[in-house]
Every structure is written in structure tokens, then in C-alpha cells.
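Listed below, chain by chain, are the residues.
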Amino acid sequence: MMADSLPPISERKQDHLDIVLQQDVAAKGIRTGFERFFFEHVALPELLLSEIDLSCEFLGKRLQAPLLISSMTGGTKAARELNRQLAAAAQQLGIAMGVGSQRAALEHPELARTYQVRQVAPNILLLANLGAVQLNYGYGVEQARRAVEMIEADALILHLNPLQEAVQPQGDPDWRGLYGRIEQLVAQLPVPVVVKEVGNGLSAKVAQRLAECGVAALDVAGAGGTSWSEVEAHRQPDALKKRIAHSFRDWGIPTALSLLEIRRLLPDLPLVASGGIRNGIDAAKAIRLGADVIGMAAPALHAVSQGQMQAVVDTFRAVIEELRIAAFCTGSANLARLRQATLRRQDTWDPLPSKASLNSPGVSP
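Summary of the structure given here. Keep in mind it's a predicted model, so treat the numbers as computed, not measured.

Some remarks on helix 1 (residues 8-22)
Compared with the 21 Å implied by 1.5 Å per residue over 15 residues, the 21 Å span of helix 1 between its first and last C-alpha is a close match. Where helix 1 is buried, its residues touch helix 2 (77-93), helix 3 (103-107), helix 5 (162-167), helix 8 (228-235) and helix 12 (298-304).

In C-alpha cells form, the structure reads like this:
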């Protein structure tokens, strides 16, 4: 049984959960960018709604819908049940799931059970998770392998959170040499490695460097959803540092822009779109802009906080149905066809080029 007194890293993780659930930590003054696009409605789709196929393959596993319950939690008393309910929902829906950073369990093995969900989700695509910056603080292939084995994961996420580390108490500030360390890890780890931001977006230049390191996929995790500088502002006891953290509330690359520019530069690399996506219509836009899978965290966390797995299932069923209807009303029988659907810009009403043309000169978001 877990001890009553938790290590400081567990207290920090519980703070994060409480703040996200109880405070307004959405990015301020910046939006995801999906509001800048709209689909051309197809009034006669010549399709049967129930036959729309939303299934896809990602990292070697078949998903019933292109959805990922994004990494959120672990390492606290509450996290074990939260993760089990999230995983049970993913199993029922046939979608993927990532766990929160496993550093807590690597340093305190008694916390490993708060991440372990295979008992309730034997078949899902399950992603382990470590902070990339820890590769500069003594972590390497051995710790990554332990994280994967701990939860019987199919892949490992390395998350990038430089802004959060810069503004949080006792953050890790040394980000030098990480491309080389990521490349070494990718070469030696026996499972795919996915690199993700945590809500400030990946630029095309960073994405290209990471692709050259051999990563299996990227999660753009753009701005417009939860702001981790806002989360850390609520944790910061120092008034000056709190003010500094709040000043970054509008920092980052909007999710749609990050996605569009990376797909234009890297047409074949698997991409996850996350960061402020709250419904199936924005999910459909993200797929049209180049995403293979859609990651959602905050809606899942708010649903699971109600204490019932069914709330998570209902939340994602709504997203799936919205995505299905969006496909139906664009005349798209499957995700491949949705990627060719006509998407227009709100400001000019011009159609966005097809995926095959996204890397052409002169294409702008």
C-alpha cells in the first residue's frame, strides 16, 4: 500500500491535477487556429452515415478512431484510479492512451502501480512517457526501457516543456545537447519514440531536426489549449516569478499553424495534433491539415474527475460522432478521403491545397 506521506514529486503532480481541474489555465490571447478554416459542405454526400470508416493504423496498432487520450497523470494516490478509468475507456472505444511522466515511479518504485493499466486495457496502443530534459540529468536508455516495461507500453513519449521548466519552482534549465541524446535513445530503444511538446507547439525547424534523429512520430501539442505557464503561475509562491509565468499566457505556436507547417515540410512523418482540440469538427480540420491522430487531454481529465469511466466514454463518443458527421458532410467515406476534402480559409474563402500540394512553394497557413 502507498505510504501516507508522498514524495515532493508526487505533491507537485497532485498540484498540477488540482490546478487544471479548479483554475482557469487556458492560454489567453492566443487560439488554436482551427477557427480560421471551414469545410465546404457537401449537400449530397452519396454515403451511408453508419458506414463512415474512422479506423486507422498508428505505430503498428489498429485504432477504431484516430484518437489518443493524451498524457496527463501518474505518481499520486488519485492517479491510479484516474489512469485505470481512462485506460478502460480507451479499451472500450478502441483508441490510444498515454500516461503522465513516469519519472516519479522511476525514482520511487512504489508509485509504479499508479501508471499500470494493462489489466483493464490489454489491447490498447499504450505510450510510456518521460521528460526529454531528463536525458541531461542522468537518464538514458536504461531508464527509458524501465519506463516502457513498467507499463508494458508499445512506444515511448519524450515530452518537451522548456517554458514550463523555466517558470516552475525547481525547474530543470539545462537543455543543451538534447538532439544528440534523443538520437542515441531512438537508436537503442526497442520501441518507437514519439516526441511531443506540452502546449506551446513544435516549429517546422525543430520537427525536421527531430525527424533527422529518427523519431517515429511527433505530437505538435500547439498553443490554444491548456497553458502550463499558467498552471505553474498558480504554484509559484514568489510574487515576481508568478507575474513572469503569467506573462507567457499567450506564448506559443497555434496548433493549426504548427501542424500545417510541419506537414508541409515532412509529408510522410506520422503526426499527432493536440493542443486545444475540444470537438470532432476541429479534429476533422486537424486531419485535413495533416494529422494522423488527434490527442485530447483536458476534456478527458474533466470527464474522469467525475469518478466514472462512462463519462470519459461519453466524451469521446461525442467527439467520434462529430468527426463521423464531419466526414459525412464533406462526402468523405474514410480518413483518406477526409484528407482530400475541401477546406477553406475564413479570411479569403480560398480552398487549402490538397495534402500532396502542402509542400509547394507559396502555400501559407
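Quick look at the pairing of strand 7 (residues 155-160)
Counting buried positions along strand 7 yields six of six residues, so the element is predominantly enclosed. What you see with strand 7 is no split at all: Ala 155, Ile 157 and His 159 on one side and Leu 156, Leu 158 and Leu 160 on the other are buried throughout. As paired strands, strand 6 (residues 126-131) and strand 7 are joined by five bridges and run parallel to one another. Paired with Leu 130 across the bridge in strand 7 is Leu 158. Two elements, strand 7 and strand 8 (residues 193-197), share five bridges in a ladder whose sense is parallel. Looking across to strand 8, one finds that Ile 157 is bridged to Val 194.

Description of the layout of surface pockets
Over the atoms, a rolled probe matching the size of one water molecule traces out where space is still vacant. As a volume, the largest pocket reaches approximately 860 Å³. Ser 71, Met 72, Gln 164, Val 198 and Trp 228 are the residues nearest the centre of the largest pocket, which is lined by 45 residues in total. Each pocket or cavity is described by its volume, and for the second largest pocket that value is around 250 Å³. For the lining of the second largest pocket, the secondary-structure elements that each account for two or more residues are helix 6 (178-188) and helix 7 (204-212). Partitioning the lining of the second largest pocket into residue classes produces nine nonpolar, three polar and one charged.

Section: the packing of aromatic side chains
Under the counting rule described, the total for this entry stands at one aromatic pair. The interplanar angle of 70° and the centroid separation of 5.4 Å between the aromatic rings of Phe 248 and Trp 251 together place this pair among those described as edge-to-face. Taking NZ or CZ as reference, Arg 209 lies 3.8 Å from the ring centre of Tyr 179, over its face.

Each value, and the rule that gives it
Residues numbered from 1 in each chain as written. Predicted model: local features only at pLDDT ≥ 70, side-chain atom pairs only at ≥ 80, totals over all residues. Heavy atoms only, no water. Helix = DSSP H or I, 4+ residues; strand = E, 2+ residues; numbered from the N terminus. Expected span 1.5 Å × (residues − 1). Contact = heavy atoms within 4.5 Å. Buried < 20%, exposed > 50% of the residue type's maximum accessible area, 1.4 Å probe, protein only. Pairing = 2+ DSSP bridges. 1 Å grid on protein atoms, 1.4 Å probe; cavity = no way out; pocket = protein on both sides within 12 Å on 5 of 7 lines; lining within 4 Å. Points joined across faces, edges and corners; volume = space filled by probe spheres on them. Nonpolar A, V, L, I, M, F, W, Y, C, P; charged D, E, K, R; others polar. Phe/Tyr/Trp six-rings, centres within 6.5 Å; stacked < 30°, edge-to-face > 60°. Lys NZ or Arg CZ within 6 Å of the ring centre and 35° of its normal.

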